[in-house]
Number of protein chains: 2
Amino acid sequence: MRIALDAMGGDHAPEEVVAGGVMAARELGVTVIMVGKRDVVEAELAKHDTEGLALEVMHASEVIEMEDSPAIAAKTKRDSSMRVGMHMVKDGRADAFVTMGNSGGALAAALFTLGRLPGIRRPAFATIFPTVKGFTLLLDIGANAECKPEYLLQFAMMGNVYSRDVLGVENPRVGIVSTGEERGKGNQLVLDAVPLLEQAPGLNFVGNVEGKDIFMAAADVVVTDGFTGNVIIKGTEGFAWMLLELSKREIKRSPPALVGAFLMKGALRQILKRVDYTEYGGAPLLGVNGNVVVGHGRSNRKAVRAAVKVAKQMVEKDMLGTIRRDIESMGER
Amino acid sequence: MRIALDAMGGDHAPEEVVAGGVMAARELGVTVIMVGKRDVVEAELAKHDTEGLALEVMHASEVIEMEDSPAIAAKTKRDSSMRVGMHMVKDGRADAFVTMGNSGGALAAALFTLGRLPGIRRPAFATIFPTVKGFTLLLDIGANAECKPEYLLQFAMMGNVYSRDVLGVENPRVGIVSTGEERGKGNQLVLDAVPLLEQAPGLNFVGNVEGKDIFMAAADVVVTDGFTGNVIIKGTEGFAWMLLELSKREIKRSPPALVGAFLMKGALRQILKRVDYTEYGGAPLLGVNGNVVVGHGRSNRKAVRAAVKVAKQMVEKDMLGTIRRDIESMGER
């Protein structure tokens, strides 16, 4: 399996991205093609022992910067690492593309280069989100600030396939984010989407889930518009950061607490592992005609490796083929 | 000052609500009028030493249940504790009304009984939200699932008054929840509201705040539609609950962690205090023609006392008069 990796994208590129790519090649049994400025990538690769690893370099002269608009990503910078990597997927020279770069840019480049799967109205970014019992899949987390009810239906179908085939959840329970559990609660988008979800064949729809229900594992797949989804993941991230800051502050003030924190280290590490995005990798972009994974901009090497692993699973499980068949069979009904 | 308290509303009514009302009368120097079924309220009051406290009982024969629709609250149950309490505010027999009951019902009853302040399009529920530096005011957290840009402008103006006059923040920084800090990020509602906020006289508008920026204290007042606001507060609540559950589980597994947790108790208590809603009370309903505070349904006595305190501050600072003047002066421009 060949996975193209955007060596230039992300806050810690190229260093951490290349290091993560090397880890992935070593540990995941895939060929990693580093896409970016050849001299930069080769200089980074030289820092690692790459003997015997399936690593390649694909030159791309431009970089989509974090502040670049989606239009620049899609149209102006034609030789960017993102565009070049996605073209490799399109031409079959790579099975998947992974980037830690500008997610709006990645979306635009994917739409421009790969296009949508037949029948799909809008692609969506999905992410795995921790719950008290394990994980749930949340989508859309930012591809579509504005959504229509039919988009949410398609998000549910794509999320269902991903949860079932990639995450191995049997008959995933699908919910929709709302402001109350009762049918009839929510904004107009939710009220209009619920009947579509209820009637969708093959979907184990469990109804509305409130903000807190997500963490109580009320559903295996949680759909929402990209605005709300984005606010949820960033809000949770911010809240976790705040708790950590407040803890550090309190611990510094109290010697017994400092000893206590030391004794709790193992336990705290287990908890942090559960809520740490570097453990479970990037956000698959579902609905485009190619396997694309976009990782967190702040990804370190471990997170890069995890994102490559997500891409590998998408290829192995033939996500694209399954989504296509599901959407087609739905159209026939 | 006379504050009417819905003795029948909330998951732990009447016991905890009456207990909280007694605490409030004792500690806050206000007269508390318990509104509800006289025999029930008096039986609860008999459990406390109320000697010398300014406590009254106002009979109301009906109760708005948690599962009652807003229409029932507004129209059918005319002798409910909510309706009776709000009527007291309307007639000047009470300065404010506080309830831990059904928030949708409270909103409907307030609109029906008290009406909106002149010029206000929609009332909003506001809440104080912890940040790494202190607190921010978030609104709307659930009164309006669907919003127009002008509503958000008015939320900002009302939040500004509340933050400045009740919370004592000098020249509050006002932000709007969005998916990126840059102007131009967000859904259509945000894109349309931003120019209104930028041009509003007397508003210290600081632009978009992302989910995580809320906790980083990027703004003193954060406006959003009631759907998003509701998902933020419930999501944070759920996440905090999950972390606590995972911590308990890990601590049980490890004896050193158990000792560590014991040593950290003081520090943890400080942190929990910061994120505990019972510390900072209920959500003021801003924009109706009367002082109304709606507390969390799960409120214990401490939370009830805090909600009464919020109401007291609203009265002392003449929130209604200030909002009315601000909206009027805006209309004249």
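Notes on the structure in this doc start here.

**Some remarks on unusual backbone geometry**
A cis amide bond links L139 of chain A to the next residue, D140 of chain A, at an omega of -5°. In this structure, D140 of chain A sits in the loop between β6 (135-139) and α6 (149-166). The phi torsion at A217 of chain B lies on the positive side, around 65°, for a residue other than glycine. Here A217 of chain B shows up in the loop between α8 (211-215) and β9 (221-223).

**Brief notes about the interface of chain A and chain B**
Between chain A and chain B, the residue contacts involve 53 residues of the former and 53 residues of the latter. On the chain A side of the contact with chain B, V132, F227 and F239 of chain A bury the most area, a combined 15% of that side's loss. Between E210 of chain A and K234 of chain B there is a salt bridge, with the nearest N and O atoms lying 2.3 Å from each other. Between chain A and chain B we count ten residue pairs in polar contact (both at pLDDT 80 or more) in total. Of all the secondary-structure elements, those providing two or more residues to the side of chain A that touches chain B are α7 (188-199), α8 (211-215), α9 (226-253), α10 (255-263) and α11 (265-275) of chain A. The element best represented in the side of chain A that touches chain B is α9 of chain A, accounting for 22 residues. Residues that form the side of chain A that touches chain B fall into these classes: 26 nonpolar, 16 polar and eleven charged.

**Let's talk about the sheet that holds strand β6 (residues 135-139) of chain B**
Residues and elements named next belong to chain B. Judged by pairing direction, the sheet is mixed, and its eleven strands sit side by side in the order β3-β2-β1-β4-β11-β10-β5-β6-β9-β7-β8 without closing on themselves. The sheet is open, and its two borders are formed by β3 (55-59) and β8 (204-209), each paired with just one other strand. Pairs of neighbouring strands in the sheet enclose a mean axial angle of 25°, with direction left out of account. The sheet contact formed by strand β7 (residues 173-177) and β8 spans five bridges and is parallel. Within β8, the position partnered with V177 by the bridge is V209. Contacting β1 (2-6), β4 (96-99), β10 (283-286) and β11 (291-294), helix α13 (residues 301-316) runs over the sheet at an angle of about 155° to β11.

**A word on the environment of G119 of chain B**
All names here are of chain B. Of note, G119 is situated in the loop between α5 (103-113) and β5 (124-130). You can call G119 exposed: its relative accessible area is 53%. Taking the C-alpha atoms as reference points, G119 and R324, separated by 205 residues in sequence, lie 8.0 Å from one another. In this structure, G119 is in contact with Q154 and I327, ignoring residues within four places of it in sequence.

**Digging into the nonpolar core**
Grouped together as the largest cluster of nonpolar side chains are 213 residues, with contacts concentrated most on M34 of chain A together with M34 of chain B. Excluding its chain neighbours within four sequence positions, the residues that come into contact with M34 of chain B are L5, A7, V18, G21, V22, V41, L45, L55, E56, V57 and M58 of chain B. Membership of the second largest hydrophobic core comes to ten residues, among which are I251 of chain A together with I251, A261 and M264 of chain B.

**Observations regarding the packing of helix α4 (residues 81-90) of chain A against helix α5 (residues 103-113) of chain A**
All names here are of chain A. Interhelical geometry of α4 versus α5 gives an angle of 40° and a closest axis separation of 10 Å. It follows from the interaxial angle that α4 and α5 lie oblique. For the pair α4 and α5, the crossing hand works out as right-handed. Touching M82, R83, M86, H87 and K90 of α4 are G105, A106, A109, A110, F112 and T113, all from α5.

What counts, and where the lines are drawn
Residues numbered from 1 in each chain as written. Chains lettered and ligands numbered in written order. Predicted model: local features only at pLDDT ≥ 70, side-chain atom pairs only at ≥ 80, totals over all residues. Heavy atoms only, no water. Helix = DSSP H or I, 4+ residues; strand = E, 2+ residues; numbered from the N terminus. Contact = heavy atoms within 4.5 Å. Buried area = accessible area lost by both parts, 1.4 Å probe. Salt bridge = Lys/Arg side-chain N within 4 Å of Asp/Glu carboxyl O. Polar contact = N/O pair within 3.5 Å; in protein donor to acceptor, adjacent residues only side chain to side chain. Nonpolar A, V, L, I, M, F, W, Y, C, P; charged D, E, K, R; others polar. Pairing = 2+ DSSP bridges. Axes fitted to C-alpha atoms, helices over the stretch in contact; angles between N-to-C directions. Buried < 20%, exposed > 50% of the residue type's maximum accessible area, 1.4 Å probe, protein only. Core = buried A, V, L, I, M, F, W, Y, C linked by side-chain atoms within 4.5 Å. Parallel < 35°, antiparallel > 145°, perpendicular 65-115°, else oblique. Left-handed = near helix turned anticlockwise from the far one by under 90°.

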